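# An overview of the molecular structure
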Amino acid sequence: MPEQVVCSKCGGQMERGGIRGDSSLIWGHVKESSIFGVKAVQMVGPMYSVEAHRCEKCGYIELYAINQQGK
Ligand SMILES: [Zn+2]
C-alpha cells in the first residue's frame, strides 16, 4: 500500500523516486574540524539513504532521509 504524498507547494500528487548523481545520496550529520588550519568536513553516522518525491504538477522535489545505513 503506497502512501500518498501530496505536494506542499501546490497540492499535486508526489511521485516517489530517487536521485542519481555520481552515487546514491546519503544523509548524515556533518562534523567540522580544523586540521593544521585547514577546514575539514566529515560525515558522521548514523547515515540515511535519501528518497526523493517529485510533484507531477509543479516539479517540486522533496527529499526524505530513510533507511538508516549500516550501524
Ligand atoms: Zn507541486
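Our subject in this report is the structure included herewith.

Criteria and cut-off values
Residues numbered from 1 in each chain as written. Predicted model: local features only at pLDDT ≥ 70, side-chain atom pairs only at ≥ 80, totals over all residues. Helix = DSSP H or I, 4+ residues; strand = E, 2+ residues; numbered from the N terminus. Buried ≥ 20, exposed ≤ 12 C-beta atoms within 10 Å, placed from the backbone. Contact = placed C-beta atoms within 7 Å.

### Topic: the overall build of the protein
- Check the secondary structure of the protein and you find 0 helices and 4 strands.
- Reading the protein from its N terminus to its C terminus gives the helix and strand order β-β-β-β.
- With 71 residues in all, the protein has 3% of them scored as buried.

### Quick notes on the environment of Ser 8
- Following the sequence through the fold, Ser 8 ends up in the segment before strand E1 (14-17).
- By the C-beta count within 10 Å, which is 11 here, Ser 8 ends up exposed.

### Points about the environment of Ile 66
- With respect to the element layout, Ile 66 can be found in strand E4 (residues 61-69).
- By the C-beta count within 10 Å, which is 10 here, Ile 66 ends up exposed.
- Expressed as a C-alpha distance, the spacing of Ile 66 and Glu 51, which sit 15 residues apart in the sequence, is 6.8 Å.

### Some words on unusual backbone geometry
- A cis amide bond, omega 0°, links Gly 45 with the succeeding residue Pro 46.
- If you check the backbone angles, Phe 36 has positive phi at about 50° while not being a glycine.
- Here Phe 36 is to be found in the loop between strand E2 (26-35) and strand E3 (38-55).
- Phi is positive for Asn 67, which is not a glycine, with a value near 55°.
- Structurally, Asn 67 can be placed in strand E4.
- Take Asn 67: there are 10 C-beta atoms within 10 Å of it, and that puts it in the exposed class.

### A short note on the environment of Asn 67
- Separated by 17 residues in sequence, Asn 67 and Val 50 place their C-alpha atoms 8.1 Å apart.
- Residues in contact with Asn 67, not counting those within four places in the same chain, are Tyr 48 and Ser 49.

Interpretation note: all reported values are geometric properties and have no functional meaning in isolation.
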